[in-house]
Amino acid sequence: MGNTQPTPPSSELRETGTLDIKDSRTSKSYSVKILEGGVEGDTAVRAMDFRQIKTSPDEFGLMTYDPAFMNTASCKSAITFIDGEKGILRYRGYPIEQLAEKSTFLEVAWLLRHGELPTQGEYDQWVHDITYHTYVHENIKTFLQGFRYDAHPMSMLCSAVAALSSFYPEAKQIHDPEQRNIAIVRLLAKLPTLAAFCYRHVKGLPFIYPDNDLSYVENFLSMVARMSESKYEANPVFVKALEILFILHADHEQNCSASAVRAVGSSQVDPFSAIAAGIAALYGPLHGGANEQVLRMIKEIGDKKNVAAFIENVKSGKGAKLMGFGHRVYKSYDPRAKIVKKLADEVFAQIGVDKDLEIALELERIALSDDYFVSRKLYPNVDFYTGLIYRSMAFPTDFFTVLFAVARTSGWLAQWEEMLNDKEQKIARPRQIYVGYGERPFKSKLTNHFPNAKKPAPAK
Ligand code: SDX
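Cut-off values and rules
Residues numbered from 1 in each chain as written. Predicted model: local features only at pLDDT ≥ 70, side-chain atom pairs only at ≥ 80, totals over all residues. Heavy atoms only, no water. Domains from an automatic or database assignment. Near = heavy atom within 4 Å. Polar contact = N/O pair within 3.5 Å; in protein donor to acceptor, adjacent residues only side chain to side chain. Areas by Shrake-Rupley, 256 points an atom, 1.4 Å probe, with all protein chains shown as cover. Helix = DSSP H or I, 4+ residues; strand = E, 2+ residues; numbered from the N terminus. Buried < 20%, exposed > 50% of the residue type's maximum accessible area, 1.4 Å probe, protein only. Contact = heavy atoms within 4.5 Å. Salt bridge = Lys/Arg side-chain N within 4 Å of Asp/Glu carboxyl O. Expected span 1.5 Å × (residues − 1). Arc of directions from axis to C-beta. Axes fitted to C-alpha atoms, helices over the stretch in contact; angles between N-to-C directions. Parallel < 35°, antiparallel > 145°, perpendicular 65-115°, else oblique. Left-handed = near helix turned anticlockwise from the far one by under 90°. Phe/Tyr/Trp six-rings, centres within 6.5 Å; stacked < 30°, edge-to-face > 60°. Lys NZ or Arg CZ within 6 Å of the ring centre and 35° of its normal. Pairing = 2+ DSSP bridges.

What to know about the domain arrangement of the protein chain
Thinking step 1. The domain architecture assigned to the protein chain consists of domain 1 (14-73) and domain 2 (94-427).
Thinking step 2. Its C-alpha centre places domain 1 at a distance of 37 Å from the equivalent point of domain 2.

Describing the site of the ligand
Thinking step 1. Around the ligand lies a shell of 22 residues, among which His252, His327, Arg328, Arg336 and Arg408 are the nearest.
Thinking step 2. In this structure, a nitrogen atom belonging to the ligand sits 2.8 Å away from a main-chain N or O atom of Leu322.
Thinking step 3. Expressed as a share of its isolated accessible area of 1,100 Å², the protein-covered part of the ligand is 74%.

As for the side chain of Thr409
Thinking step 1. Here Thr409 shows up in helix H17 (residues 400-421).
Thinking step 2. Taking relative accessible area as the criterion, Thr409 reaches 1% and is therefore assigned buried.
Thinking step 3. In this structure Thr409 touches Leu187, Leu188, Leu191 and Ile275, once residues within four positions along its chain are discounted.

Topic: the pattern of salt bridges
Thinking step 1. Counted under the stated rule, the structure contains 26 salt bridges.
Thinking step 2. When the shortest N-O distance is used, the salt bridge between Arg180 and Glu417 registers 2.9 Å. On the criterion of sequence distance, the pair formed by Arg180 in helix H6 (residues 177-203) and Glu417 in helix H17 is long-range, its members being 237 residues apart.
Thinking step 3. With a relative accessible area of 10%, Arg180 lands in the buried category.
Thinking step 4. By relative accessible area, Glu417 is classed as buried at 9%.
Thinking step 5. Via salt bridges that share partners, Lys299, Asp354, Asp356 and Arg391 belong to a single interconnected network.

Quick look at helix H3 (residues 120-131)
Working note: α-helix, 3.6 residues per turn, so residues spaced by three or four point in the same direction.
Thinking step 1. Here H3 spans 16 Å end to end across 12 residues, near enough to the 16 Å set by a 1.5 Å rise per residue.
Thinking step 2. Turning to H3, its buried residues number three or more, namely Trp126, Ile130 and Thr131. End-on view of H3: buried residues confined to an arc of 125 degrees, all on one side of the axis.
Thinking step 3. As for H3, its buried residues are in contact with helix H2 (105-114), H6 and helix H7 (216-225).

Digging into the packing of helix H8 (residues 236-248) against helix H16 (residues 383-392)
Thinking step 1. Where H8 meets H16, the closest approach of the two axes is 11 Å, and the angle between their N-to-C directions is 150 degrees. Comparing their axes, H16 and H8 come out roughly antiparallel. Handedness of the crossing formed by H8 with H16: left-handed. Within the contact between the two elements, H8 uses Phe238, Ala241, Leu242 and Leu245 and H16 uses Thr386, Ile389, Tyr390 and Ser392.

Structural notes on the packing of aromatic side chains
Thinking step 1. Per the counting criterion, the structure on display carries 19 aromatic pairs.
Thinking step 2. Ring geometry for Tyr372 versus Phe373: centroids 5.0 Å apart, planes at 75 degrees, classification edge-to-face.
Thinking step 3. What makes Tyr372 partly exposed here is its relative accessible area of 21%.
Thinking step 4. Chaining the aromatic ring pairs together yields one cluster made of Phe105, Tyr199, Tyr216, Phe220, Phe246, Tyr390, Phe395, Phe399 and Phe400.
Thinking step 5. Above the face of the Phe60 ring, Arg51 is positioned so that its terminal group lies 3.6 Å from the ring centre.
Thinking step 6. Here the basic side chain of Arg376 rests over the ring of Tyr372, its NZ or CZ set 3.8 Å away from the ring centre.

Observations concerning the sheet that holds strand E3 (residues 42-44)
Thinking step 1. Taken together, the 3 strands give an open sheet; going across it, the order is E1-E2-E3, and neighbouring strands pair in antiparallel fashion. The open sheet is flanked by strand E1 (14-23) and E3, the only strands paired with a single partner. Direction aside, neighbouring strands of the sheet carry axes that sit 25 degrees apart on average.
Thinking step 2. Bridge analysis of E1 against strand E2 (residues 28-37) gives 9 bridges, and the strand direction is antiparallel. Paired with Thr18 across the strands is Lys33, a residue of E2.

Next comes the structure, spelled out in structure tokens:
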């Protein structure tokens, strides 16, 4: 009895009922199909089915209004499943807990992209291809050296990835599977190199080149931390922790940055530019930038005895948010946060519990029992403990989101390729509800449109 694989689920949507609508403005009735998809039974109606609802034939028709897409499915996807109420996260059906415990980041990157786990042969070739594409063009070094010493590494990383598109013009051939594959390999291979170069630049240290004898995570740590030693010996506790953290951060369905990659990628730009857009979105403090803000928040609290007062300030609504808490989807404990917390315990068992961890534990203890947070279903998310582990590895606070970007590149690329292969997708171009002025005649209030011009303004 071999490893029986379930048949891949169909991506077809099936009709499961109808929505009968009566427009009180016209007393006309409409019937819209309710569609159901996948094994989890997500249901939706096609927004375009509402366009037929009009009060007169020349009207545009009814749109759906959904700021921040709180209730809008922008796509069908088979990559990641999240159940926010039950705190479930699965990549291609595999529970995140099992992947974090038994897999490697590159095996997960393959799984996210291809939908199935790699055979040993596929995996060996994948690791080889990625290992032998870790170098970047020497001009990228010059490019990065143009940044100030105190430049934020996310700003550097976003720029460097966008710049890579100028080195691989053939990546524009996004419909050529071979060009798509090599671009995906290059991005997965070069993100750690670029991230490490950003770190070394800010530290004023010489860039360390990739070491092809090392694993993906060990090589990254080597490019970050190697000094005069000929061969870098990574701390095995840190290697294991980073491998797990990369797996946990690999994908998270249609989050802000994945949506940015899909939207920018839908214009058929090259994947380097689309991934740069994802990095820019992740940089935000409400998204991937939260792990950096968690540490800054903990530093601001300063001592465990100040936690209660800080929490009251958050609850007043006037203070800062409790960074690392809350989630658009998870209305229970983020399953990744549970794994990260266990990892933090292991790392701190080795290096000793410190004041910041005590503050974090006190924040969590109070928040999980306080009705303000419980009633709003605000639980720790993946960012709450991650920063503490990165800091224990001596990564600077503003580098935490760079680590998130390195890992999330695997998910963004899987989402990007799935979007390209989805026959229903086309360039993303939402509509709007126009609430501005009606037509009005132009009458300027200016007497001179060119105040800085030396010569008299041209006659209008
Ligand atoms: C990530 O989408 C993803 O999947 C993202 C991510 C991924 O893997 O890609 O999981 C990674 O981005 C995790 C989230 C990291 N961000 C933070 O930790 C920042 C702090 N969290 C919040 O800013 C907030 O919780 C969000 C942005 C994460 C979610 O915001 P929502 O869903 O828009 O919820 P909301 O802002 O409407 O909040 C609902 C209520 C509000 O209070 P009331 O108006 O009802 O009085 O909860 C309050 C909010 O003020 N609230 C918080 C809070 N988060 C929400 N109050 C205090 N502290 C917080 N952290």
